[in-house]
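Topology and contacts: notes
Below, each chain spelled out in residue letters.
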Amino acid sequence: MEVFIIVLVLLVVIGVSNVIYRFVPFVPVPLIQIVLGACVTVIPMGIHLPLEPELFFILFIAPLLYNDGKHTPREELWRLRAPILVLAVGLVFATVFVVGYTIHWMIPAITLPAAFGLAAILSPTDAVAVSALAGRIHLPKSLMRLLEGEALMNDASGLVAFKFAIAAAVTGVFSLHKAALSFLVIAIGGLLVGALLAFIIIGIRQLLRRAGLEDETMHMLLQLLTPFLLYLIAEEIGVSGILAAVAGGIVHAIESERLERDMPKLKSVSTNTWSVILFILNGLVFVILGTQIPDVTSVIFEDPGFNNVVVLGYAVVIFALLLVLRFVWTLLFTRGWRIFGASKKEDADFKVLAMTTISGVRGAVTLAGAFSIPLFLQSGELFPQRDLIIFLAACVILLSLLTASIVLPLIAKKRVPEGSAEKAKAEQEWQIKVMRAAIRELQQETNEENEAAVASVIGEYQRMIQQLEIKGVPFKHTGKINQEELAVRIEALAIERNYVKERLEKGAITEKHAEFYNKMLDQLELILANRLHLWVMLFKRMKGRLKEVLTGSANSWRLAFTEQDVNAIRGLKLECGQAVIEQMGPLCTKDKMNDPTEWVVAHYQQVVNRIKKTSIQRKIKEPAYDETRKELHWLAVQAERYEVQNLYEQGKIDRGQASELRRIIRDREASMYEQDELG
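Residues numbered from 1 in each chain as written. Predicted model: local features only at pLDDT ≥ 70, side-chain atom pairs only at ≥ 80, totals over all residues. Heavy atoms only, no water.

Right, let's talk about the overall build of the protein chain for a bit. Looking only at helices and strands, one finds 26 helices and zero strands in the protein chain. Looking at the protein chain as a whole, 48% of its 679 residues qualify as buried. Contacts in the protein chain between residues at least 24 apart in sequence constitute 79% of all its contacts with a sequence separation of at least 6. (Helix = DSSP H or I, 4+ residues; strand = E, 2+ residues; numbered from the N terminus. Buried < 20%, exposed > 50% of the residue type's maximum accessible area, 1.4 Å probe, protein only. Contact = heavy atoms within 4.5 Å.)

Counted at 1.5 Å a residue, the expected span for helix α3 (residues 53-71) with its 19 residues is 27 Å, and the 26 Å between its end C-alpha atoms agrees. Taking the largest bend as the criterion, α3 deviates by roughly 35°, centred on I61, and proline P63 comes between one and four positions later. (Expected span 1.5 Å × (residues − 1). Bend = angle between axes of the 7 residues up to and from the residue.)

Looking now at the packing of aromatic side chains. Here the distance between the centres and the angle between the planes together describe a pair of aromatic rings. With the rule as written, the count across this model stands at six aromatic pairs. Between F56 and F57, the ring centres sit 6.4 Å apart and the planes meet at 75°, which makes this aromatic pair edge-to-face. In this structure F56 comes out as buried when scored by relative accessible area, which is 3%. On the numbers, 5.2 Å between centres and 85° between planes, the contact of Y101 with F116 is edge-to-face. Placement of the pair is Y101 in helix α5 (residues 81-106) and F116 in helix α6 (residues 112-122), with a sequence separation of 15 residues. Judged by its relative accessible area of 49%, Y101 is partly exposed. By relative accessible area, F116 is classed as buried at 16%. (Phe/Tyr/Trp six-rings, centres within 6.5 Å; stacked < 30°, edge-to-face > 60°.)

The subject of this paragraph is the nonpolar core. With 109 residues, the main nonpolar core has F56, F57, I110, L118, I318, F383 and L392 as its most contacted residues. The element best represented in this core is helix α17 (residues 386-412), accounting for 13 residues. Setting aside residues up to four positions removed in sequence, F383 forms contacts with A114, I166, A169, V170, I373, P374, L375, F376, L377 and I389. Counting residues in each nonpolar core, the second largest holds 31 residues, with Y499, I509, M520 and I569 among its members. (Core = buried A, V, L, I, M, F, W, Y, C linked by side-chain atoms within 4.5 Å.)

What follows covers the confidence of the model for the protein chain. Summarising the model, the protein chain shows a mean pLDDT of 77, and 79% of its residues fall at 70 or more. The spread of mean pLDDT over the elements of the protein chain runs between helix α14 (residues 344-347), the lowest at 44, and helix α13 (residues 308-332), the highest at 90. Note on residues 339-348: pLDDT under 50 across the span, and 25 contacts to partners over four residues away in sequence or across chains. Residue range residues 616-620 is modelled with pLDDT below 50. Its contacts to residues more than four positions away, or to other chains, number six contacts. (pLDDT = per-residue confidence, 0-100.)

This is the structure we're talking about:
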């Protein structure tokens, strides 16, 4: 039961981290997850999850690297094979010797073999962390492929070097000749075993299909088991399970391309299943990393034998040395060498070198390796400074993540258009991009039953895109005026409410019509409201719903409307619109670009004109058709909002542009709602 509760808490933390990320997308999800993981550990009755390195590698690293192998372009890996090997093998061993000797010189209490072990486990970059950062930072595509290839390969070289260094520290015996030979056997053997096993699994799947077993669920189960089988068998043989998982992923990518043509439904099932699994595994990696931080740091901070400031200084020096070594190593091998697949001038560009250097983030593999250090030497003595080694590894991980999160966006940031014409064009393109995302969502929802309604809504979006392209209308305005317009819109709704109240008191409209109309105004206010006003409105709505339930009138306003009722509501909307125009019209300054009242009056004038026009031309539609259009409008608006959030998280638009796009979507939603309710 305790394990179940721990897993449940960790999954909740993953969900919370992504909610937080929606509000602060400038902070990477991994950092949020690490912080939340640490929080659930330090709070009273917090969870305490001991890290089991072997279990961690097979449960998390194997499937994640297998998936990375499947999705990393094979042509790019082959084209960049030389620089990948330079970074994944050459830089790893250079790091072991340079950083290892430096650590032993700074901290003599850490023996030289143990210092080599710490340097070795600090040398691999984390493929999971690199992928997490890449989603919001504009790294050059070739550089991204290089980093992914390096992260796929250097885990094996780093862990092999770590294994031999720790073995030397424990036994006191080390042979460079044997270590080099073992590295070649473990690395090449891992790749060969992984590829061979992958071909065997592919053959088994083909035999099952020939036997008539083409159930997508069964084939999906084989896919899920594959990375674990590859890792376990390779490790049992004595070669690299990590490289076996990578090689198996690359081989299965070739098979998947052919299988998707024969079993198209499997592609959809596979994509959806893996997306959920990867979302959970990626999150758990960093949350578990966060749960280890408090215990690791408390051991050092509470030990009177350590000066906390000095120990933190050691971590900073080690991290700085890793950056300098990576920069120098990359610089040496880019002189006259087209390492990034670009021109020679671009190869030696400082910006590219800096991004390559800072992108080498460390992650959970480093900490898991550090935790695998044995407690005792062969002589029975305690392993020298084991707690300090784990603490330094954890600090370097955090420093690398923080540095990459802060510095990379600044280096990789694209130039923002300065001219007003350029800026207006960019803003127009974002609006069109968002509306096209809504069209794509609608196209995916098309079926025989809703085909006509989908075509109608898509037609609306296509007309809006055409109008925007022809007129070239930029964003209306931002900042203070946006808030002023919101206040004017809310004031206009209040005028409508007062008008409805007056008409009801005079007996000009029925209570049923007044109740329906007020509900419609409440919904419009919810759509238009800012956050503070939204909470007030939600509270009022909950209070009203509770009152309806207690009085038994919850469905009174939902009674079936006749054509006469619809016409009465439309007539009431026409009168309310004219009342708003009469009261607010004299307040307009005729400054169409800066007067929020002018915008609101223009909106009501459009509504009035539309009602007058459709009152003459209106045809009675099927209720099911109208309901379908409402649902499609809601789906389209949600797709627009999702696209805006994606653009913001990827750094393609800033906070102000995102806010303005959301305001435009909000106005469009309000207009669609009015149109759906009034026909």
